[in-house]
Amino acid sequence: MLEQTIHLIEKQAAVALYFKGARCSVCEVLEPKIKELIAADFPKFIFHSFLQNEETAPLAAHFSVFNAPTLLLFLEGKEILRSGKNTSISQLGAQLARPYEICFG
């Protein structure tokens, strides 16, 4: 899983990784809102969601993800944004607009 995700980030121009917990109500509320924002305003992003467990632990460790939820956004292989449980959807959109426009404008 780690190798495939690293390969995806290297090969795709825009990747969003969302790490969520099993019994995390914030995770469940945020995920569809983030997906909707990305689909509507930033369609070039490929969105992947990961449930934090033993199988995904090496992936979370590689990206220094220790809390749920955590959203990581990559453009051209570089992490451009990291957001946690206090994510504001409107602020997320504003933070993404400029780098996305520079990359795909």
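Residues numbered from 1 in each chain as written. Predicted model: local features only at pLDDT ≥ 70, side-chain atom pairs only at ≥ 80, totals over all residues. Heavy atoms only, no water.

### Here's the deal with the sheet that holds strand E4 (residues 78–83)
What counts, and what does not: Strands were regarded as paired on the criterion that DSSP finds at least two bridges between them. What counts as a helix is a DSSP run of H or I of at least four residues, what counts as a strand is a run of E of at least two, and both are numbered from the N terminus. Axis definition: a line fit to C-alpha positions, over the contact stretch in the case of helices; interaxial angles, taken between N-to-C directions, run 0 to 180 degrees. We call two residues in contact whenever any of their non-hydrogen atoms come within 4.5 Å of each other.
On the basis of which strands lie adjacent, the open sheet formed by four strands has the order E2-E1-E3-E4 and mixed pairing. Every other strand in the sheet has two partners, leaving strand E2 (46–51) and E4 as the edge strands with one partner each. Geometrically, the sheet is characterised by an average inter-axis angle of 20° between neighbouring strands, direction not taken into account. Relative to E2, strand E1 (residues 14–20) runs parallel, the two sharing six bridges. The partner of Lys-20 across the bridge, within E2, is Leu-51. Along the sheet face, helix H1 (residues 2–11) touches E1, E2 and strand E3 (70–75) and points at about 145° away from the line of E1.

### Describing the pattern of salt bridges
Applicable threshold: By convention in these notes, a salt bridge is any Lys or Arg side-chain nitrogen within 4 Å of a carboxyl oxygen on Asp or Glu. Accessible area is worked out with a 1.4 Å probe on protein chains only. A residue is then buried under 20% of its type maximum, exposed over 50%, and partly exposed in between.
In the structure shown here, the tally under the stated rule is three salt bridges. A salt bridge links Lys-20 to Glu-31; its shortest N-O distance comes to 2.9 Å. Pair noted here: Lys-20 is in strand E1 and Glu-31 is in helix H2 (residues 25–41), with a separation of eleven residues, a long-range link. Comparing Lys-20 with Glu-31, the two get one shared label, buried. Shared partners join several salt bridges into a network, and the residues in it are Lys-20, Glu-31 and Lys-35.

### Considering the packing of H2 against helix H4 (residues 89–104)
The line we're drawing: Handedness of a crossing follows from how the near helix is turned relative to the far one, being left-handed for an anticlockwise turn of less than a right angle and right-handed for a clockwise one. Residues were grouped as follows: Ala, Val, Leu, Ile, Met, Phe, Trp, Tyr, Cys and Pro as nonpolar; Asp, Glu, Lys and Arg as charged; and all remaining residues, including Gly, as polar.
Viewed as axis vectors pointing N to C, H2 and H4 meet at an angle of 35°, and their least axial separation amounts to 11 Å. Here the hand of the crossing between H2 and H4 comes out right-handed. Each of Leu-30, Lys-33, Ile-34, Leu-37 and Asp-41 in H2 lies in contact with H4, whose residues at this interface are Ile-89, Leu-92, Gly-93 and Tyr-100. Looking at the contact of H2 with H4 residue by residue, the classes come out as six nonpolar, one polar and two charged.

### Regarding the packing of aromatic side chains
The condition is simple: Centres within 6.5 Å make a pair out of two Phe, Tyr or Trp rings, where for Trp the six-membered ring is used; the pair is then stacked when the planes are under 30 degrees apart, edge-to-face when over 60, and tilted otherwise.
Under the definition given, this model contains six aromatic pairs. Within the aromatic cluster, the residues linked to one another by ring pairs are Phe-42, Phe-45, Tyr-100 and Phe-104.

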